[in-house]
Amino acid sequence: MKLTGTAIPLGAIKTKKSVGCGEFLDLIPFADFCKKAGLKIIQLLPVNDTGTESSPYSALSAFALHPIYASLEKLTEDDKILAKIKKLQKKYKDFERFPYKELRQEKLALLREIYLSKKEEAKSSKEIDTWLSQNPWAKEYAVFMHLKDVNNEASYKQWKCHKNVTAKKIEELWNDPKTVDEHFFYVWLQYNLDKQFLEAAEYERSLGIMLKGDIPIRMNEDSADAWANKNFFNDDLRAGSPVDGENPTGQNWGFPTYNWKNLKKADYSWWKNRLISASKYYDMY
């Protein structure tokens, strides 16, 4: 069977409700368009959190979704915050190319404001608590992201403290009462991003359209995964490509290679969990 589809970065399908770039819920009207056009597949570029890096292939996490794709209006009923969202929509309305770093910072600031307005409700939410128990990677990610905030988003290799951690140490940091609110912000954020992406993916399935994911084979050396699971990576080696016509010395992509012996000992749990997580949204990848 031959199927026709389209490949597109999520940020490119901006709608009137978007803030600066395409967002997860913008996949819903895009799916309507694809249905009318007779397209059966929508392939997305990676949508993982990449932090300060604009490349979708330089992920801070194999699991966490990118906050820049959050549909802000769906997360708040606060009139003051909604007014700020409208202001940002207007500010970025006519940009042909969105300024990644600036937009990321502005959306994160609003997401924090929304979280603070709902903090106590979020922290007592049984739904979020259940979600966290089903997504244990979120603890590592939350602790990692808070430490990056404390260190002005520098690579963890430049941190003065907590460069090298154990699972026990991460759990201790997670439970620190001084930083519990900061950690829970990232859990609340990922819970809502997951919810929005699932809503869009399920709508596409209801139209008979398949969502195809792009899962980069390598991880950024400055990622929550490489920080929390060092035994799965060879930090003294880097992936790249061999010599070719345009690259007489080959290419060094800067991504650590995998320690397959240790992954095998763990029954490839990290890879299995990564694919299980992706399969929530994607019908193929």
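Residues numbered from 1 in each chain as written. Predicted model: local features only at pLDDT ≥ 70, side-chain atom pairs only at ≥ 80, totals over all residues. Heavy atoms only, no water.

Engineer: Honestly, the overall build of the protein in this entry has me stumped. Any pointers?
Structural biologist: Counting its regular elements, the protein contains 10 helices and five strands. The C-alpha atoms of the protein give 20 Å as radius of gyration, which agrees with the globular expectation for 285 residues (19 Å, within 12%). In terms of principal-axis extent, the alpha carbons of the protein reach across some 55 × 50 × 35 Å. When burial is assessed residue by residue, the protein has 49% of its 285 residues classed as buried. For the protein, the share of sequence-separated contacts (at least 6 apart) that also reach a separation of at least 24 residues comes to 71%. On the protein, roughly 15,200 Å² of surface is accessible, and the fraction owed to carbon and sulfur atoms is 53%. (Helix = DSSP H or I, 4+ residues; strand = E, 2+ residues; numbered from the N terminus. Rg over C-alpha atoms; globule rule 2.2 N^0.38 Å. Buried < 20%, exposed > 50% of the residue type's maximum accessible area, 1.4 Å probe, protein only. Contact = heavy atoms within 4.5 Å. Areas by Shrake-Rupley, 256 points an atom, 1.4 Å probe, with all protein chains shown as cover.)

Engineer: Is there a simple way to think about the nonpolar core in this case?
Structural biologist: The nonpolar side chains of soluble globular proteins are, as a tendency, buried together. In this structure, Leu44, Val47, Trp188, Phe197, Trp227 and Trp270 are the most contacted members of the largest nonpolar core, which totals 85 residues. In terms of residue count, helix α7 (residues 180-206) provides more of this core than any other element does, 12 residues in total. Those residues in contact with Val47 that sit more than four places away from it in its chain are Leu10, Phe24, Leu65, His66, Tyr69, Phe197 and Tyr282. (Core = buried A, V, L, I, M, F, W, Y, C linked by side-chain atoms within 4.5 Å.)

Engineer: Explain helix α2 (residues 79-91) here, please?
Structural biologist: Within an α-helix, residues lying three or four positions from one another point in the same direction, as the helix has 3.6 residues per turn. When the terminal C-alpha atoms of α2 are compared, their 18 Å separation across 13 residues agrees well with the 18 Å that a helix rising 1.5 Å per residue should span. For α2, the full list of buried residues reads Ile81, Ile85, Leu88 and Gln89. Down the axis of α2, the buried side of the element spans an arc of 105°, and every buried residue falls inside it. Turned more than 90 degrees away from the buried face of α2, the exposed residues are Asp79, Lys80, Lys87 and Lys90. Lining the buried residues of α2 we find α3 (100-123). (Expected span 1.5 Å × (residues − 1). Arc of directions from axis to C-beta.)

Engineer: Explanation requested: the sheet that holds strand β1 (residues 5-8) in the structure shown.
Structural biologist: With parallel pairing, the three strands of this open sheet are ordered in space as β1-β2-β3. Only two strands of the sheet have a single partner each, and these edge strands are β1 and β3 (210-212). Taken over all neighbouring pairs, the strand axes of this sheet differ in orientation by 20° on average, direction set aside. Relative to strand β2 (residues 41-44), β1 is paired through four bridges, and the arrangement is parallel. When the bridges of β2 are listed, Gly5 appears paired with Ile41. Running at roughly 140° to β2, helix α1 (residues 27-37) makes contact with β1 and β2 of the sheet. (Pairing = 2+ DSSP bridges. Axes fitted to C-alpha atoms, helices over the stretch in contact; angles between N-to-C directions.)

Engineer: Would you mind showing me how to read the pattern of salt bridges here?
Structural biologist: Oppositely charged side chains may form a pair once their charged atoms are brought near each other. By the definition in use, this model includes 21 salt bridges. Lys84 is paired through a salt bridge with Glu113; the nearest N and O atoms lie 2.9 Å apart. With Lys84 in helix α2 and Glu113 in helix α3, the pair connects residues that are 29 residues apart, well separated along the chain. Of the residues examined, Glu113 reaches a relative accessible area of 27% and is grouped as partly exposed. The closest approach of N and O atoms between Lys123 and Asp181, which form a salt bridge, is 2.7 Å. Residue Lys123 is found in helix α3, and its partner Asp181 is found in helix α7; the two are separated by 58 residues along the sequence. Its relative accessible area of 27% is what places Asp181 among the partly exposed residues. Within the structure, one salt-bridge network assembled from shared partners comprises Lys157, Glu221, Asp235 and Arg238. (Salt bridge = Lys/Arg side-chain N within 4 Å of Asp/Glu carboxyl O.)

Engineer: Explain the packing of aromatic side chains to me, please; I cannot follow it from the model alone.
Structural biologist: The relation between two aromatic rings is expressed through the spacing of the ring centres and the mutual angle of the planes. Tallying each qualifying case throughout the model produces 28 aromatic pairs. Aromatic pair Trp137 and Tyr141: ring centres 6.2 Å apart, planes at 65°, arrangement edge-to-face. Linking Trp137 with Tyr141, this pair stays in helix α5 (residues 137-150), spanning four residues, or about one helical turn. In terms of burial, Trp137 and Tyr141 fall into one category: buried. Between Phe197 and Tyr282, the aromatic rings sit 5.9 Å apart at their centres with planes inclined by 75°, giving edge-to-face as the arrangement. With Phe197 in helix α7 and Tyr282 in the segment after α10 (269-279), the pair connects residues that are 85 residues apart, well separated along the chain. Here the two residues Phe197 and Tyr282 agree in accessibility, since each one is buried. (Phe/Tyr/Trp six-rings, centres within 6.5 Å; stacked < 30°, edge-to-face > 60°.)

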